[in-house]
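# Structure at a glance
If you want the building blocks of each chain, they are given just below.
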Amino acid sequence: MKVIKKADKKTYERSKDLTNIVADIIDEVRQHGDETLIALTKKFDGIDIEKVKVEGWQIEKAYEQVSEETILHIKFAAKQIKYFAEEQLKCIQPLNLMSEIGGLEIGHRLIPVEKCGCYIPSGRYPLPSSALMSVIVAKVAGVKHVAACSPPFAGFGMIHPTVLVAMDIAGADEIYCMGGAQAIAAYAYGTETVTKVDLIVGPGNKYVTEAKRQVLGDVGIDSLAGPSEVLIIADETANPTFIAIDLLAQAEHDPNAKSILVSTSEEIIEKSMTELERLIPTLPTGQIAHQAWLDNGDIFLVDNIEEAIKMSNEIAPEHLEVHVANEREVAQKLLNYGSLFVGHYASVALGDFVSGTNHILPTMSTARFASGVWVGTFIKTSFHQFVSQEGCKNLAVPCMHFAEIEGLYAHRDSIRLRVEK
Ligand SMILES: NC(=O)c1ccc[n+]([C@@H]2O[C@H](COP(=O)([O-])OP(=O)(O)OC[C@H]3O[C@@H](n4cnc5c(N)ncnc54)[C@H](O)[C@@H]3O)[C@@H](O)[C@H]2O)c1
Ligand SMILES: [Zn+2]
């Protein structure tokens, strides 16, 4: 393997300052509730809002500000995401077994969390797709109370109308105009108007992510999202233009976004870089994409496709694209990724918006053990046992033995008193 380009800086680091700033914000929200939410919206977003909760008339007004074409395409994406979530829901089943031991019935139920809060980041552009990805899936999972929030967007004094419409189409039960660490604190502990939730889902900037880390335990979270990443595996059959634009598509998300190219072909690498240079000036986001590529981009020339697979499995990228001849065979051997895009035409953008798979995905190598947001994120697998007198008797001897080994005598006697005549 030969390193052609390697980023030297880390894309995500937690500082003590960040920890302290966020801890203070959380304390403020716990003490002063809505008052803090309104004050911090003024401080960080520069916008005066009267109320945190978004009302029906504000949603109606948002529909008037969004084109019919946009609404049509939001509905298209919503339908795909819902379809995929419904089919995934069918894959997870409750279980109830008559055990081989007489009088013992064991199993699990699938129980959705009761209340969840979705965070939709503000971003440089509105992110209606992010509203669909969390809210729709929560609803399909059976969550009764699904809240959505996002900070106000400059120029509107309110959540961006496109995002508000997407939240409504997705089926949000309550919508709040709030963002940053204070929004996470409000979801975790509740305020006068914000309902306390059981689970918080959705990506955000470093303040949002650090707040999710600090409230974890008092409330559930999906994951701690770092900057977005793509890894592209390419052999000599790959199209350099497709590679270049996909590297830039990832890089344009964020100055910290990371694009990685792993190829078996020196020629493809060279041609892709020529294409990348050519394409940058054609993009309105060219400058940020270029900077992110310069700062965080990596290129590795590998000896063979097996080495590329091994590398990819070690890196465990959020998005993984496969631009090779025997794409299915290679795909089969890839084990660590958030979402996999197989074939020369499978651009990550399709999964970002419309294919139906989720775009809230594990980053920073956490795809080794974590999954993206799906119906299962919102559903608990809760165990049960039904035990008759006979069942208790049949389990008594080994159970009491364990209790004695572990020195738990009330445990032993909770069985003994039931089975002794
Ligand atoms: N992984 C994904 O699926 C995905 C998708 C879209 C966006 N994102 C991420 O979402 C993020 C969007 O970032 P954003 O900042 O535009 O929106 P954001 O909604 O995450 O954060 C905005 C809020 O941050 C708070 N904030 C800003 N400056 C602050 C400061 N100095 N101190 C305390 N709080 C402060 C404010 O409350 C502000 O409203 C990016 O990091 C992007 O990578 C991820
Ligand atoms: Zn993207």
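Everything quoted here is computed from the prediction, not taken from an experiment.

## Structural notes on helix α5 (residues 128-141)
Taking 1.5 Å of rise per residue, the 14 residues of α5 would be expected to cover 20 Å, and the 20 Å separating its terminal C-alpha atoms lies within 8% of that figure. Summarising burial for α5: 13 of the 14 residues are buried, a large majority. Directly beyond the C-terminal end of α5, a positive phi value near 105° is found at Gly142.

## Side note on the pairing of strand β11 (residues 298-301)
In terms of strand pairing, strand β1 (residues 2-5) meets β11 through 3 bridges, oriented antiparallel. Pairing of Lys5 across the sheet is with Ile299, part of β11. Bridge analysis of strand β10 (residues 258-263) against β11 gives 4 bridges, and the strand direction is parallel. Opposite Ser263, over in β11, you have Leu301 as the bridge partner.

## What to know about the UniProt feature "binding site: Zn(2+)" (unreviewed entry) in the chain
As recorded in UniProt, the feature "binding site: Zn(2+)" (unreviewed entry) lies at Gln250, His253, Asp352 and His411. Separation in sequence by 162 residues is matched in space for these annotated residues, since their most distant C-alpha atoms are 56.1 Å apart. Within the fold, Gln250 resides in helix α9 (residues 240-251). Here Gln250 falls in the buried class, since 30 other C-beta atoms lie within 10 Å of it. In this structure, Gln250 is in contact with Ser228, Glu229, Val230, Ala257, Ser259 and Val348, ignoring residues within four places of it in sequence.

## Regarding the nonpolar core
Val135, Val137 and Ile184 are the most contacted members of the largest nonpolar core, which has 72 residues in total. Top element by residues in this core is α5. It accounts for 9 residues. Setting aside residues up to four positions removed in sequence, Val137 forms contacts with Ile81, Ala85, Asn358, Val373, Trp374, Val375 and Phe378. If you look at the next biggest cluster of nonpolar residues, it comprises 38 residues, including Leu247, Leu248, Ile309 and Leu320.

## Details of the sheet that holds strand β14 (residues 379-387)
An order of β2-β3-β14 is seen for the 3 strands of this open sheet, with the pairing classed as antiparallel. The open sheet is flanked by β2 (95-98) and β14, the only strands paired with a single partner. The mean angle between the axes of side-by-side strands here comes to 15°, regardless of whether they run parallel or antiparallel. Across 4 bridges, β2 lies against strand β3 (residues 104-112) in antiparallel orientation.

Here is what the cut-offs are and how they apply
- Residues numbered from 1 in each chain as written.
- Chains lettered and ligands numbered in written order.
- Predicted model: local features only at pLDDT ≥ 70, side-chain atom pairs only at ≥ 80, totals over all residues.
- Helix = DSSP H or I, 4+ residues; strand = E, 2+ residues; numbered from the N terminus.
- Expected span 1.5 Å × (residues − 1).
- Buried ≥ 20, exposed ≤ 12 C-beta atoms within 10 Å, placed from the backbone.
- Pairing = 2+ DSSP bridges.
- UniProt positions renumbered as here; feature names shortened; annotations may be inferred.
- Contact = placed C-beta atoms within 7 Å.
- Core = buried A, V, L, I, M, F, W, Y, C linked by C-beta atoms within 7 Å.
- Axes fitted to C-alpha atoms, helices over the stretch in contact; angles between N-to-C directions.

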